[in-house]
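One-letter residues, chain by chain:
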Amino acid sequence: MALAGIELSLDTVSMLLALVAMETVLSADNAVVLAALAQPIHDSHQRQQVLNWGLVIAFALRVGLLFTATWVVHFWQVELLGAGYLLWLGGKHFWPQLMGDIPGSEPTPDPSGNSLMRVIGLIALTDLAFSLDSVTTAIALSDQLWLVITGCAIGVITLRFLAGLFVRCLEEYVYLQDAAYLAVLGVGLQLLCKVIHPAMVPPQSAVLGVIAALFAWGFSKRVEMEG
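Owing to the predicted nature of the structure, the values given are computational and were not obtained by experimental measurement.

(A) Structural context of the overall build of the protein. Check the secondary structure of the protein and you find seven helices and zero strands. Element order for the protein, N to C, with α for helix and β for strand: α-α-α-α-α-α-α. Pairs at least 24 apart in sequence give 91% of the contacts found in the protein among residues at least 6 apart. Counting every atom, the protein has about 12,500 Å² of accessible surface; 69% of that belongs to carbon and sulfur.

(B) Spatial organisation of the packing of aromatic side chains. Applying the stated criterion across every chain, the model contains six aromatic pairs. Between Y85 and W88 the ring centres are 5.9 Å apart and the planes differ by 35°, which places this aromatic pair in the tilted class. Separated by three residues within a single helix, Y85 and W88 lie in helix α3 (residues 76–98), roughly one turn from each other. Looking at Y85, the relative accessible area reads 16%, which means it is buried. Assessed through its relative accessible area of 42%, W88 is described here as partly exposed. Consider the rings of Y173 and F219, whose centres lie 4.9 Å apart with planes at 75°: the pair is edge-to-face.

(C) Broad picture of the confidence of the model for the protein. Per-residue confidence for the protein gives a mean pLDDT of 76, with 70% of residues at or over 70. Within the protein, the element-level pLDDT minimum falls on helix α1 (residues 2–38), averaging 65, and the maximum on helix α6 (residues 176–196), averaging 86. Per-residue pLDDT stays below 50 along residues 1–8; that stretch engages in zero contacts with residues further than four places along the chain or on separate chains. Considering only residues more than four positions removed or in separate chains, one finds that residues 104–109, a stretch of pLDDT under 50, has two contacts.

(D) Looking closely at the pattern of salt bridges. With the rule as written, the count across this model stands at three salt bridges. A salt bridge links E79 to K194; its shortest N-O distance comes to 3.1 Å. You can see E79 sitting in helix α3 and its partner K194 sitting in helix α6, a full 115 residues away along the chain. Taking the relative accessible area as the measure of exposure, E79 reaches 16% and is therefore buried. Residue class for K194 comes out partly exposed when judged on its relative accessible area of 29%. One salt bridge in this structure joins R222 and E172, with 3.2 Å as the shortest N-O distance. Taken as a pair, R222 in the segment after α7 (204–218) and E172 in helix α5 (residues 145–172) lie far apart in primary sequence, 50 residues in all. According to the relative accessible area criterion, E172 is partly exposed, its value standing at 36%.

(E) Expanded view of the side chain of D178. With respect to the helices, strands and loops of the structure, D178 is situated in helix α6. K221 is the oppositely charged side chain nearest to the buried, salt-bridge-free D178, at an N-O distance of 11 Å. D178 has contacts with H93, F94, Q97 and W217, leaving out every residue within four places of it along the chain.

(F) Layout of the packing of α3 against α6. Across the interface, α3 lies against α6 with an axial gap of 8 Å and an inter-helix angle of 150°. Relative to α6, the element α3 is oriented roughly antiparallel. Relative to α6, α3 is oriented so that their crossing is left-handed. Along the lines of polarity and charge, the residues of the contact of α3 with α6 split into 16 nonpolar, seven polar and three charged.

Rules of the game
- Starting afresh in each chain, residues are numbered from 1 along the sequence in its written order.
- Predicted model: local features are reported for residues with pLDDT of at least 70 only, side-chain atom pairs are reported and counted for 80 or more only, and whole-chain, interface and lining totals are derived from all residues.
- Computation of side-chain values: all heavy atoms of the structure, hydrogens and water removed.
- Only DSSP runs of H or I covering at least 4 residues are called helices, and only runs of E covering at least 2 are called strands; the numbering of each starts at the N terminus.
- Working rule for contacts: check all heavy atoms of both residues, and any pair within 4.5 Å makes them a contact.
- The protein chains shown are the only cover counted for residues, whose accessible areas, like all others here, come from Shrake-Rupley with a 1.4 Å probe.
- Aromatic contacts are taken between Phe, Tyr and Trp rings whose centres are within 6.5 Å, Trp giving its six-membered ring; a plane angle under 30 degrees counts as stacked, one over 60 as edge-to-face, and the others as tilted.
- Think of it in three bands: with a 1.4 Å probe and only protein chains considered, a residue is buried below 20% of the maximum accessible area for its type, exposed above 50%, and partly exposed in between.
- What pLDDT conveys is the predictor's confidence in a given residue, as a value from 0 to 100.
- Salt-bridge detection follows one rule: a side-chain nitrogen of Lys or Arg within 4 Å of a carboxyl oxygen of Asp or Glu.
- The positive count covers Lys and Arg only, the negative count covers Asp and Glu only, and His and the chain ends enter neither.
- Axis angles are defined between N-to-C directions and span 0 to 180 degrees, where every axis is a line fitted to C-alpha atoms and, for a helix, only to the segment in contact.
- If an angle is under 35 degrees, it is roughly parallel; if it is over 145, roughly antiparallel; if it lies from 65 to 115, roughly perpendicular; otherwise it is oblique.
- Here a crossing is called left-handed whenever its near helix is offset anticlockwise from the far helix by less than a right angle, and right-handed whenever the offset is clockwise.
- Only Asp, Glu, Lys and Arg are considered charged in this grouping, and only Ala, Val, Leu, Ile, Met, Phe, Trp, Tyr, Cys and Pro are considered nonpolar; every other residue, Gly among them, is considered polar.

The following block contains the structure:
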């Protein structure tokens, strides 16, 4: 009996590690996007607070998604909304560039209180849209809800750490922000393909390969320092 208990504990730990690893790998592009959403906030304390509150709400939404996942998967409209939101978010970033207006050419003031709340909302919604696939995958890995929630919590904490790290990286690398929003468009298209025709969805290995290529490009050029 003792050996069985030890075996069960080892299985539980290995499953938890698998869930955390999955959340970390699948959250890398998500973290860059959340960092890009928070980057316009110049005050570092406000930026940290926005990321903290945004991810607290995001965690609550993820848990809500976990409890309703078996119901949500039967409604393709949910994934369509997630796809539409991500495509809108990516398009919103690239549209000024397509129109010849280069972002960042003029200094922008720190957001007001209402704008800070808007950024918090955007962070929570963006994380939820990114989580539509990973949450259902996590449930497929384990039917123990407490274990999935624990893995999700550790994943969100890791996401917060990565987002804070990437905020600094966005200031150092020229292409990183564009790479992040290309990943947003990619995830949005992936969700859209899943709604239209699931057979069109590329394998996870191909998706991870594209994300890795985008990261390699994003980190390929540093910002040139004046003087």
